[in-house]
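# Geometric and topological summary
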Amino acid sequence: MTETNRRIVLKRRPVGMPTPDDFAFEDVPVPEPGEGEVVLKHLYLSLDPYQRGRLSDAKSYAAPVPIGGVVECRTVGRVLASRDARFAPGDIVLGGFGWQTHSVMPGKQLLKLDPAEAPVSTALGVLGMPGLTAHVGMSDIGQPKAGETVVISAASGAVGAVAGQIAKLAGCRVVGVAGGADKCRFVTGTLGFDACIDHRADHLGTALDRACPNGIDVYWENVGGALQAAVFPRLRDFGRMVMCGMIAQYNDADPPAGPNLGPVVRKRLRIQGFIVSDQWQRLGEWRALAVPMLRDGRLKYREDVVEGLEATPAAFIGLLQGKNFGKLLVRLPD
Ligand SMILES: NC(=O)c1ccc[n+]([C@@H]2O[C@H](COP(=O)([O-])OP(=O)(O)OC[C@H]3O[C@@H](n4cnc5c(N)ncnc54)[C@H](OP(=O)(O)O)[C@@H]3O)[C@@H](O)[C@H]2O)c1
């Protein structure tokens, strides 16, 4: 085609915060579309925190951008030429690729947008990946219930703004955390959250105590770092942490000290505490499973039996020191 594609490629892997020198601009001809392909002129590129991860070759859930490769992102574009019967020149679609002015995509990877439904840019934000993130995380993990207190980090951002509004619609008290007075005004004034903590100005612990006097039922984690540390002890019984992202550590060369919960997001880990007494009614269920296995030897066990009441304190202290070997019991005379 006569069009020229201006694109941004990864020149070298950033160490710490990326710099403009990590990227290079290139001009290349836009190729003719193959069978089933569509040529797009991009109207919007989506910039998202996950792209920092793609610039690194550390092991992750997705392949890194290769050196010399176009930096990855979703786009909204206008169809210039099409060899897929479902798309015609002028159509607006979600699904182009990369930090570049044009792309050539298989038609089956594109979603046609209706500009009358909503501004087409929303396909990359509130109606797109960030909005879906908020919906999935809240409905599957946050599960906000009326009357609960929900704290949202990066509350003015693409994901946080939607997550908090979903919690408001569920009848929760919603407290945002954002950087700066302008963002906080937007969070309370426009988004309708009940309160907003300015993490650049407020003392996090004091502000959380004031905004969440009964503690926190749901914490939406977008950030990590000091905010996570301040929220954690304020979570209530049966609280939920929606581990969405930890942007505060995306540029760290080394993992942060202390428990590093970054892998919880990347590896989709489930970490959930429980107290068995809440489930006592399930004892019969366990015994029905276990008794046959015990009888036929599939389930093994070992007991460490000490004799007499007098042996009890020393045996208990031994338990705390690892001296028992198996289930520790005290046998009393019959
Ligand atoms: N799990 C998933 O599938 C998934 C999908 C999408 C996004 N995410 C994650 O969700 C989070 C939000 O993404 P988004 O697209 O909605 O971005 P965003 O909130 O629109 O923009 C990022 C915001 O993060 C805050 N921030 C940046 N660096 C920070 C730092 N060092 N310390 C504290 N705050 C910092 C800033 O807000 P303030 O100025 O208000 O602090 C910044 O505006 C990210 O962690 C992202 O990786 C996860």
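So, here is what we can say about the structure in this document. This structure is a prediction, so every number in the text was calculated from the model and none was measured.

## What to know about a nonpolar patch on the surface
A cluster of nonpolar side chains, contributed by Trp-280, Leu-283, Trp-286 and Leu-289, occupies part of the molecular surface with about 470 Å² of accessible area. Inspection of the secondary structure puts Trp-280 in the loop between helix H7 (262-266) and helix H8 (283-295).

## Side note on the state of the cysteines
According to the stated counting rule, one finds 0 disulfides in the structure shown. For the unlinked cysteine Cys-172, the closest cysteine sulfur is that of Cys-212, found at 12 Å.

## A word on the sheet that holds strand E4 (residues 74-82)
Strand order in the open sheet formed by 5 strands is E6-E3-E4-E5-E7, and the pairing between neighbours is antiparallel. With one partner strand each, in any of the chains shown, strand E6 (102-106) and strand E7 (111-113) form the two edges of the open sheet. Strand-to-strand twist in this sheet, taken as the mean axis angle between neighbours without regard to direction, amounts to 50°. Here E4 runs beside strand E5 (residues 92-97); their pairing, made up of 5 bridges, is antiparallel. Paired with Gly-77 across the two strands is Val-93, which belongs to E5.

## Thoughts on the site of the ligand
Surveying the vicinity of the ligand reveals 20 residues, the closest of which are Val-159, Lys-183, His-199, Asn-222 and Tyr-250. At 2.6 Å from an oxygen atom of the ligand is found a side-chain nitrogen or oxygen belonging to His-199. The contact in question runs from an oxygen atom of the ligand to an N or O atom on the side chain of Tyr-250, over 2.7 Å. Starting from 900 Å² of accessible surface for the ligand in isolation, the protein chains cover 72%. Residue assignment for the shell around the ligand shows that the elements contributing at least two residues are helix H2 (129-142) and helix H3 (158-169). Of the residues that constitute the shell around the ligand, the class distribution is 12 nonpolar, 6 polar and 2 charged.

## Let's talk about the packing of aromatic side chains
Under the criterion given, the structure shown has 1 aromatic pair. Both rings, one in Phe-23 and one in Trp-99, keep their centres 5.3 Å apart while their planes meet at 40°; by these two values the pair is tilted. Taken together, the positions of Phe-23 in strand E2 (residues 23-29) and Trp-99 in the loop between E5 and E6 put the pair 76 residues apart, joining distant regions of the chain. Residue Phe-23 shares its accessibility class with Trp-99, and that shared class is buried. Lying across the ring of Phe-325, Arg-302 places its NZ or CZ 3.4 Å from the centre.

## Comments concerning the nonpolar core
Membership of the largest hydrophobic core comes to 21 residues, with the highest contact counts inside it found for Met-138, Val-150, Ile-152, Val-174, Val-187, Phe-193 and Trp-220. Looking at this core, the elements with two or more residues in it are H2, strand E8 (149-152), H3, strand E9 (173-178), helix H4 (181-190) and strand E11 (216-221). Counting residues per element, this core draws most heavily on H3, at 5 residues. Once residues within four sequence positions are removed from consideration, Val-150 is found in contact with Met-138, Pro-144, Ala-167, Cys-172, Arg-173, Val-174, Val-175 and Val-218.

## Some points on the side chain of Glu-221
Mapped onto the fold, Glu-221 is located in strand E11. In this structure, Glu-221 is buried with no salt-bridge partner, the nearest side chain bearing the opposite charge being Arg-266 at 12 Å. Polar side-chain contacts of Glu-221 include one of 2.8 Å to the side chain of Tyr-219. A distance of 2.8 Å separates the side chain of Glu-221 from the side chain of Gln-228, its partner in a polar contact. Those residues within four positions of Glu-221 in sequence are excluded, and the remaining contacts are Ser-153, Gln-228, Val-242, Met-243, Cys-244, Gly-245 and Met-246.

## Re the pattern of salt bridges
Summed over all chains, the structure comprises 16 salt bridges. Residue Arg-83 is joined to Glu-35 by a salt bridge in which the shortest nitrogen-to-oxygen separation is 2.9 Å. Of this pair, Arg-83 sits in the loop between E4 and E5 while Glu-35 sits in the loop between E2 and strand E3 (37-45), placing them 48 residues apart in sequence. The exposure class of Arg-83 is partly exposed, given its relative accessible area of 42%. According to the relative accessible area criterion, Glu-35 is exposed, its value standing at 66%.

What counts and what doesn't
Residues numbered from 1 in each chain as written. Predicted model: local features only at pLDDT ≥ 70, side-chain atom pairs only at ≥ 80, totals over all residues. Heavy atoms only, no water. Patch = residues over 30% accessible without salt bridge, like charges linked within 9 Å, V, L, I, M, F, W, Y side chains within 5 Å. Areas by Shrake-Rupley, 256 points an atom, 1.4 Å probe, with all protein chains shown as cover. Salt bridge = Lys/Arg side-chain N within 4 Å of Asp/Glu carboxyl O. Helix = DSSP H or I, 4+ residues; strand = E, 2+ residues; numbered from the N terminus. Disulfide = S-S within 2.5 Å. Pairing = 2+ DSSP bridges. Axes fitted to C-alpha atoms, helices over the stretch in contact; angles between N-to-C directions. Near = heavy atom within 4 Å. Polar contact = N/O pair within 3.5 Å; in protein donor to acceptor, adjacent residues only side chain to side chain. Nonpolar A, V, L, I, M, F, W, Y, C, P; charged D, E, K, R; others polar. Phe/Tyr/Trp six-rings, centres within 6.5 Å; stacked < 30°, edge-to-face > 60°. Buried < 20%, exposed > 50% of the residue type's maximum accessible area, 1.4 Å probe, protein only. Lys NZ or Arg CZ within 6 Å of the ring centre and 35° of its normal. Core = buried A, V, L, I, M, F, W, Y, C linked by side-chain atoms within 4.5 Å. Contact = heavy atoms within 4.5 Å. Lys, Arg positive; Asp, Glu negative; His and termini not counted.

It is worth stressing that arrangement in space is one thing and function is another; only the former is reported here.
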